[in-house]
Amino acid sequence: MGYKIFADTSWFKGLIDNKDGFHEQAIELLERINVEENDLITTNFIIDETFTLLRQRCPKERVKEFYDLIGEMSKLTIVRVGV
């Protein structure tokens, strides 16, 4: 059994934005997560924050790529933060 890894906004941005200084590291980490059968956990707040950050700093295409990515990530669990 693998680890549960918390995915934050900076990792998601690095994964999507090829101009981000951590893009290569984010890609490598995603590959390791898949190979080592780890699970990703994030929150609905992080997803929202990532959409906002990408809309402000990246071309529109990156926002669509992020939307597609989270839909395809079978190992991603999104925890809903309540009040």
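Further up the page is the structure itself.
These remarks concern the structure in this document. What you see is a predicted model; the values in this text were computed from it and never measured. (Residues numbered from 1 in each chain as written. Predicted model: local features only at pLDDT ≥ 70, side-chain atom pairs only at ≥ 80, totals over all residues. Heavy atoms only, no water.)

1. Description of the pattern of salt bridges
Enumeration over the complete set of coordinates arrives at 5 salt bridges. Put simply, Glu-36 and Arg-32 hold a salt bridge, and the shortest N to O gap is 3.5 Å. Here Lys-64 ties to Asp-68 by a salt bridge, and the two come within 2.8 Å at their closest N and O atoms. With a gap of 4 residues between them, Lys-64 and Asp-68 both fall in helix α4 (residues 60-72), about one helical turn apart. In this structure Lys-64 comes out as partly exposed when scored by relative accessible area, which is 48%. What emerges from the salt-bridge pattern is a single network uniting Lys-13, Asp-17 and Asp-20. (Salt bridge = Lys/Arg side-chain N within 4 Å of Asp/Glu carboxyl O. Helix = DSSP H or I, 4+ residues; strand = E, 2+ residues; numbered from the N terminus. Buried < 20%, exposed > 50% of the residue type's maximum accessible area, 1.4 Å probe, protein only.)

2. Quick look at the pairing of strand β2 (residues 39-43)
Strand residues, when the strand is regular, have side chains that alternate between the two faces of the sheet. Across 3 bridges, strand β1 (residues 4-6) lies against β2 in parallel orientation. Its bridge partner lying in β2, Phe-6 is registered against Ile-41. Relative to strand β3 (residues 76-79), β2 is paired through 4 bridges, and the arrangement is parallel. When the bridges of β3 are listed, Leu-40 appears paired with Leu-76. (Pairing = 2+ DSSP bridges.)

3. With respect to the nonpolar core
Ranked by size, the top nonpolar core spans 20 residues in total, and within it Trp-11, Phe-12, Leu-40, Phe-66 and Met-73 carry the most contacts. Of all the secondary structure elements, the ones that give two or more residues to this core are α1 (9-16), α2 (23-35), α3 (44-57) and α4. Phe-66 has contacts with Phe-12, Ile-16, Ile-47, Thr-50, Phe-51 and Leu-54, leaving out every residue within four places of it along the chain. (Core = buried A, V, L, I, M, F, W, Y, C linked by side-chain atoms within 4.5 Å. Contact = heavy atoms within 4.5 Å.)

4. Remarks on the environment of Ile-78
Mapped onto the elements of the fold, Ile-78 is located in strand β3. Counting along the chain gives 33 residues from Ile-78 to Phe-45, while the straight-line C-alpha distance between them is 9.4 Å. When near neighbours in sequence (up to four residues on either side) are disregarded, Ile-78 contacts Thr-42, Thr-43, Asn-44 and Ile-47.

5. Side note on the sheet that holds β3
In a beta sheet, neighbouring strands are held together by backbone hydrogen bonds and run either parallel or antiparallel to one another. In space, the 3 strands of this open sheet follow the order β1-β2-β3, with parallel pairing throughout. Two strands lie at the open edges of the sheet, namely β1 and β3, each paired on one side alone. Across the sheet, the axes of successive neighbouring strands diverge by a mean angle of 30 degrees, strand direction being ignored. (Axes fitted to C-alpha atoms, helices over the stretch in contact; angles between N-to-C directions.)

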